[in-house]
Amino acid sequence: GESVGLHLPTLSVQEGDNSIINCAYSNSASDYFIWYKQESGKGPQFIIDIRSNMDKRQGQRVTVLLNKTVKHLSLQIAATQPGDSAVYFCAEIRLSSGSARQLTFGSGTQLTVLP
Amino acid sequence: GAGVSQSPSNKVTEKGKDVELRCDPISGHTALYWYRQSLGQGLEFLIYFQGNSAPDKSGLPSDRFSAERTGGSVSTLTIQRTQQEDSAVYLCASSPRTIFYNEQFFGPGTRLTVL
């Protein structure tokens, strides 16, 4: 079936290094892809999104890359900080009239920033 | 301003009991979502409310689950005859726009434990 999933469940990086979190998806009809950050005991927090007709989008310290050929999405975090430690979810959304603006989430990657 | 709030933050119940979970969305947000997050898993869509339209209940796992949204604001998710597999964090999110994709703002969730 259709799914959005992540390659690795955990990722550890040294403080100050760049982090790359990957995600694979299977539905070609997705309109948007979104990255969420979820800290322990909190709800997911929007980080950045990208439209399906784009290849790259940059935010503050974050960059999302979309490769539609291989159906792959990545989140790059520059100069990773301790506050970046969290679970990161990729999600896809399909816009269609008359139905829910559903988000389909991957299982998440736990990012741990080492001192 | 105030974000999405949920209550209770934690709920422990016995198998077979009914529970009600409450969500207060951000004022003015017309869309409201319920998700379920099992331990170490991604988010599972449950139900979606948009304005005065009939809710999209396609994600509800069984007829023991129901939700309502009164006055286009507060929503209650009810689980009847709870089972141990219902144990999870139940997340509510709201979104301000009705037509186009927009960011979903999540509450902190209610952790439900069914003994």
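The text that follows walks through the structure, step by step, so that each part is easy to find. In this text, all values refer to a predicted model and were calculated from it rather than measured experimentally.

Moving on, we come to the overall build of chain B. Per the secondary structure count, chain B includes zero helices and 10 strands. When the helices and strands of chain B are listed from N to C terminus, the series reads β-β-β-β-β-β-β-β-β-β. Relative to a compact globule of 115 residues, whose C-alpha radius of gyration would be 13 Å, chain B shows 13 Å and is just as compact. Looking at chain B residue by residue over its 115 residues, the buried ones come to 49%. Restricting the contact set of chain B to residue pairs at least 6 apart, pairs at least 24 apart contribute 55%.

From N to C terminus, chain A includes zero helices and 11 strands. Total accessible area on chain A stands at roughly 5600 Å², and carbon and sulfur atoms take up 47% of it.

Listed per partner, the contact involves 21 residues of chain A and 20 residues of chain B. With both chains or domains summed, chain A and chain B bury close to 1600 Å², and 57% of this area falls on carbon and sulfur atoms. The interface formed by chain A and chain B holds zero salt bridges in total. Inspection of the chain A/chain B interface yields one residue pair in polar contact (both at pLDDT 80 or more). Residue assignment for the side of chain A that touches chain B shows that the elements contributing at least two residues are strand S4 (32-38), strand S5 (45-51), strand S9 (86-93) and strand S10 (103-105) of chain A. A per-element tally of the side of chain A that touches chain B places S4(A) first, with four residues. Here the residues of the side of chain A that touches chain B are counted per class, giving 11 nonpolar, seven polar and three charged.

Once that is clear, we can look at the state of the cysteines. Here the structure, examined in full by the defined rule, presents two disulfides over all chains. For Cys23(A), the disulfide goes to Cys90(A), at an S-S distance of 1.8 Å. In this structure the cystine formed by Cys23(A) and Cys90(A) twists about its S-S bond by roughly 50°; its chirality is therefore right-handed. Highlighted residues: Cys23(A) in strand S3 (residues 19-25) and Cys90(A) in strand S9, separated in sequence by 67 residues. Each member of the pair, Cys23(A) together with Cys90(A), is buried. Covalent S-S linkage joins Cys23(B) and Cys92(B), the inter-sulfur distance amounting to 1.8 Å.

What follows covers the pairing of strand S4 (residues 31-37) of chain B. All names here are of chain B. Counting buried residues along S4, seven of its seven residues qualify, which places the element largely inside the surrounding structure. Burial along S4 is two-sided: the face carrying Ala31, Tyr33, Tyr35 and Gln37 and the face carrying Leu32, Trp34 and Arg36 are both buried. As consecutive antiparallel partners, S4 and strand S5 (residues 43-50) are separated by five residues, and within that stretch Gly40 has a phi angle of approximately 70°, a positive value. Strand direction decides the pairing type here: S4 and strand S8 (residues 88-95), joined by seven bridges, are antiparallel. Each residue of the ladder has a partner; that of Gln37, found in S8, is Val89.

Cut-offs used in this document
- Residues numbered from 1 in each chain as written.
- Chains lettered and ligands numbered in written order.
- Predicted model: local features only at pLDDT ≥ 70, side-chain atom pairs only at ≥ 80, totals over all residues.
- Heavy atoms only, no water.
- Helix = DSSP H or I, 4+ residues; strand = E, 2+ residues; numbered from the N terminus.
- Rg over C-alpha atoms; globule rule 2.2 N^0.38 Å.
- Buried < 20%, exposed > 50% of the residue type's maximum accessible area, 1.4 Å probe, protein only.
- Contact = heavy atoms within 4.5 Å.
- Areas by Shrake-Rupley, 256 points an atom, 1.4 Å probe, with all protein chains shown as cover.
- Buried area = accessible area lost by both parts, 1.4 Å probe.
- Salt bridge = Lys/Arg side-chain N within 4 Å of Asp/Glu carboxyl O.
- Polar contact = N/O pair within 3.5 Å; in protein donor to acceptor, adjacent residues only side chain to side chain.
- Nonpolar A, V, L, I, M, F, W, Y, C, P; charged D, E, K, R; others polar.
- Disulfide = S-S within 2.5 Å.
- Pairing = 2+ DSSP bridges.

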